[in-house]
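Working through the structure, step by step
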Amino acid sequence: MMKLSEAAKRMSRLDVLAPDGVEWALAVANRNFIIHQYDQINRELTWVTLSVDLPAWQKSLARMVDRARSALDADAR
């Protein structure tokens, strides 16, 4: 979750539009909460995030990741 939120922060700063179903700001807010209020983390809510929300985000982000990989592969040639 921390890596995803760091990436979301960078994408937001670059004005990259998030795909449907993904909100960069939510990932950043989640990171900030985990870091600064770690003693208040709700384990059940965290599990829902990991087991439901993140797989949905993965699906939504798949096309963006594929395009980035293709661009990197093209640059490597």
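These notes cover the structure that comes with them. Quick caveat, the model's predicted, so the values are computed rather than measured.

Each value, and the rule that gives it
Residues numbered from 1 in each chain as written. Predicted model: local features only at pLDDT ≥ 70, side-chain atom pairs only at ≥ 80, totals over all residues. Heavy atoms only, no water. Helix = DSSP H or I, 4+ residues; strand = E, 2+ residues; numbered from the N terminus. Buried < 20%, exposed > 50% of the residue type's maximum accessible area, 1.4 Å probe, protein only. Areas by Shrake-Rupley, 256 points an atom, 1.4 Å probe, with all protein chains shown as cover. Lys, Arg positive; Asp, Glu negative; His and termini not counted. Charge placed at Lys NZ, Arg CZ, Asp CG, Glu CD. Expected span 1.5 Å × (residues − 1). Arc of directions from axis to C-beta. Core = buried A, V, L, I, M, F, W, Y, C linked by side-chain atoms within 4.5 Å. Contact = heavy atoms within 4.5 Å.

What follows deals with the overall build of the chain. Check the secondary structure of the chain and you find three helices and zero strands. When the helices and strands of the chain are listed from N to C terminus, the series reads α-α-α. The principal-axis extents of the C-alpha atoms in the chain amount to approximately 50 × 25 × 20 Å. Put simply, the chain has 77 residues, and 16% of those count as buried. Put simply, the chain shows about 6300 Å² of open surface, and 55% of that area lies on carbon and sulfur atoms. Once the 11 positive and 10 negative side-chain charges of the chain are each reduced to a mean point, those two points are 5 Å apart.

With respect to the helices and strands, the residue Val48 is situated in helix α3 (residues 43-76). Classification of Val48 as partly exposed rests on a relative accessible area of 40%. As for Val48 and Glu23, which are separated by 25 residues in sequence, their C-alpha atoms are 17 Å apart.

Our focus in this paragraph is helix α2 (residues 24-36). A rise of 1.5 Å per residue sets the reference length of α2, with its 13 residues, at 18 Å; its end C-alpha atoms lie 18 Å apart and thus fit the reference within 8%. Among all positions in α2, only Trp24, Ala27, Val28 and Arg31 are buried. All buried residues of α2 project into a common sector of 100 degrees when viewed along the axis, lining one side. Along α2, the residues that are exposed and aim more than 90 degrees away from the buried face are Ala25 and His36.

Glancing now at the nonpolar core. By size, the foremost hydrophobic cluster in this structure holds eight residues: Ala8, Val22, Trp24, Ala27, Val28, Trp57, Leu61 and Met64. Looking at this core, the elements with two or more residues in it are α2 and α3. In this structure, Val28 is in contact with Ser5, Ala8 and Lys9, ignoring residues within four places of it in sequence.

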